[in-house]
Amino acid sequence: MSEVRTYHQKRELSDETSRKLSDSKQETAMLTLRDIYCPYCGYLVERVFSDITGHKMVFCKKCKEEYPVNLGYFRRMKRRHVYAACRRRDRQHR
């Protein structure tokens, strides 16, 4: 139990891995990012590219909810409710 654990991070990337990373970066150069917000609390949950489709399990770090999201439903999510919630909140006075 007195043994100290250390974290060993990879310092060198293989040529194949670095090639895949650079190819991925080039493929996403023409895509746009969009934000997925938690439908319960409005917290930013995920940032996805415009070409992503299908369903994804997301976890909100703020309200600790995990739920499936159909990314097609959240393509044009209006953030009016987030701003309205911020305006309704009263400031705490000391």
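Conventions and cut-offs
- Residues numbered from 1 in each chain as written.
- Predicted model: local features only at pLDDT ≥ 70, side-chain atom pairs only at ≥ 80, totals over all residues.
- Heavy atoms only, no water.
- Helix = DSSP H or I, 4+ residues; strand = E, 2+ residues; numbered from the N terminus.
- Buried < 20%, exposed > 50% of the residue type's maximum accessible area, 1.4 Å probe, protein only.
- Contact = heavy atoms within 4.5 Å.
- Salt bridge = Lys/Arg side-chain N within 4 Å of Asp/Glu carboxyl O.

**Section: the side chain of Asn 70**
Topologically, Asn 70 is positioned in strand 4 (residues 66–70). By relative accessible area, Asn 70 is classed as buried at 19%. When neighbours within four sequence positions are excluded, Asn 70 is seen to be in contact with Gly 54 and His 55.

**Quick notes on the pattern of salt bridges**
Taken as a whole and assessed by the stated rule, the structure comprises four salt bridges. Glu 16 is paired through a salt bridge with Lys 20; the nearest N and O atoms lie 3.2 Å apart. In this pair, Glu 16 and Lys 20 both sit in helix 1 (residues 15–27), four residues apart, roughly one turn of the helix. Overall, Glu 16 belongs to the partly exposed group, its relative accessible area being 47%. Taking the relative accessible area as the measure of exposure, Lys 20 reaches 45% and is therefore partly exposed. Here Asp 35 and Arg 47 are joined by a salt bridge, their closest N and O atoms 3.0 Å apart. Taken as a pair, Asp 35 in strand 1 (residues 33–37) and Arg 47 in strand 2 (residues 44–49) lie far apart in primary sequence, twelve residues in all.

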